[in-house]
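# Remarks on the overall topology
The primary structure of each chain is shown beneath.
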Amino acid sequence: MEEQRTDLTQFTERIDLLRHQIAQVIVGQDENIDLLLTAVLANGHVLLEGVPGVAKTLLARLLTKLIDAKFSRVQFTPDLMPSDVLGTNVFNMKTSDFDFHAGPVFADVVLVDEINRAPAKTQAALFEVMEERQVTIDGVTHSLGQFYTIIATQNPVEQEGTYKLPEAQTDRFMMKITMGYPSIDEEVQILQRHHANQHLTTLDNVKPVVSKAQLMELRRRLDDVFVDQALLQYMAGIVQQTRQSKAVFLGASPRASVALMQASKAYALLQGRDFVTPDDVAHVAPCVLQHRIILTAEAEMEGITPQKAVKRLIEKVEVPK
């Protein structure tokens, strides 16, 4: 048994409080909640995918309510322009100069609802801000700080009026979390809650339980998480498999390897450990890699999904002892 090197008591208390508050509003989805917290802790952007009505937007809004940080929301539509998202310079008649009017991306946490509804030009407006956490407008760079996090949602079923996200953008999301339907017991619980409280989803009474400074401190704990050399080999082996598999047309990039390591460390912390195990890596790998690979036409015709493909590839890599 590995020995704890770091006291994680306060960390665990904060995370348990977050989990408890989320569970007050959202029924089930425990696994997805943990994965979302993993990505936020690992300083990564998240893509939430699921059919309408499975609480994607509610989960994102709830998390932002629980963090005491500046929040903004952008509803992506086909007529949205890059300036509507980033902001623009407006001429000031009084000063005879241009004033910068910041767009909704200037916040700590940004919810981008239905990201695949905006055309490529507007989606591309997020490239710089997601990777470098800064925006350059008319040659002037505006910094957004290291806390900056984007949580985006998309509907995988309805294709009319949507635009496929470019690979360069999906690669900038640390994780893609797929939200499915609740079980019958969970659905009954949802009905009971709504029957007892009609205004369950307004979130007016939700109060922050963690400050921006505290969350930044929790993120710094990632540096103390131990990763064995054999596990680094394991992670690299999984990513290499995506480039060698006959079912995969485009494999994952080195950015994916770094994301896999950071997500594994964050997930280990969420489990109350300061060391990573092979199970941590295997658990987060599908969410880190599924949106970064493109399957061959043959694999798609066989009904293989990217998530299934990643799980098969993981099984091909020898697990370190």
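For the structure, see preceding data.
Attention in this report is confined to the structure presented alongside it. (Residues numbered from 1 in each chain as written. Predicted model: local features only at pLDDT ≥ 70, side-chain atom pairs only at ≥ 80, totals over all residues. Heavy atoms only, no water.)

Applying the stated criterion across every chain, the model contains two aromatic pairs. Centroid distance F91 to F98: 5.3 Å. Interplanar angle 65°. Geometry classified as edge-to-face. Residue classification places F98 among the exposed positions, given a relative accessible area of 52%. Between F100 and F106, the aromatic rings sit 5.5 Å apart at their centres with planes inclined by 70°, giving edge-to-face as the arrangement. For F106, a relative accessible area of 16% puts it in the buried group. The ring of F127 carries R172 above its face, with NZ or CZ at 5.0 Å from the centroid. R273 extends its terminal NZ or CZ atom over the ring of F275, reaching a point 5.5 Å from the ring centre. (Phe/Tyr/Trp six-rings, centres within 6.5 Å; stacked < 30°, edge-to-face > 60°. Buried < 20%, exposed > 50% of the residue type's maximum accessible area, 1.4 Å probe, protein only. Lys NZ or Arg CZ within 6 Å of the ring centre and 35° of its normal.)

Checked against the element boundaries, R172 lands in the loop between helix 7 (167-170) and strand 10 (173-178). Buried and without a salt bridge, R172 has E131 as its closest oppositely charged side chain, separated by 4.4 Å. Here F127 takes part through its backbone oxygen, which lies 3.1 Å from a polar atom of the side chain of R172. (Helix = DSSP H or I, 4+ residues; strand = E, 2+ residues; numbered from the N terminus. Lys, Arg positive; Asp, Glu negative; His and termini not counted. Salt bridge = Lys/Arg side-chain N within 4 Å of Asp/Glu carboxyl O. Polar contact = N/O pair within 3.5 Å; in protein donor to acceptor, adjacent residues only side chain to side chain.)

With that out of the way, let us pick up helix 2 (residues 30-41). With twelve residues, helix 2 should cover 16 Å at 1.5 Å per step; its first-to-last C-alpha distance of 16 Å lies within 8% of that length. Counted residue by residue, helix 2 has ten buried out of twelve residues, so it is predominantly covered. Those residues of helix 2 that fall on the buried side of the exposure criterion are N32, I33, D34, L35, L36, L37, T38, A39, V40 and L41. (Expected span 1.5 Å × (residues − 1).)

Per the stated rule, a full pass over the model turns up twelve salt bridges. Across the pair R220 and E217 runs a salt bridge, and its minimum N-O distance is 3.3 Å. Of this pair, R220 and E217 both sit in helix 9 (residues 212-220), separated by three residues, roughly a single helical turn. Taking relative accessible area as the criterion, R220 reaches 46% and is therefore assigned partly exposed.

Contact geometry for helix 11 (residues 254-270) and helix 12 (residues 278-289): axes closest at 9 Å, N-to-C directions at 130°. The angle between helix 11 and helix 12 places the two elements in the oblique class. Helix 12 is crossed by helix 11, and the crossing has right-handed handedness. In this structure, helix 11 contributes A256, A259, L260, A263, S264, Y267 and A268 to the contact, and helix 12 contributes D280, V281, H283, V284, A285, V288 and L289. In terms of residue class, the contact of helix 11 with helix 12 is made up of eleven nonpolar, two polar and one charged. (Axes fitted to C-alpha atoms, helices over the stretch in contact; angles between N-to-C directions. Parallel < 35°, antiparallel > 145°, perpendicular 65-115°, else oblique. Left-handed = near helix turned anticlockwise from the far one by under 90°. Contact = heavy atoms within 4.5 Å. Nonpolar A, V, L, I, M, F, W, Y, C, P; charged D, E, K, R; others polar.)

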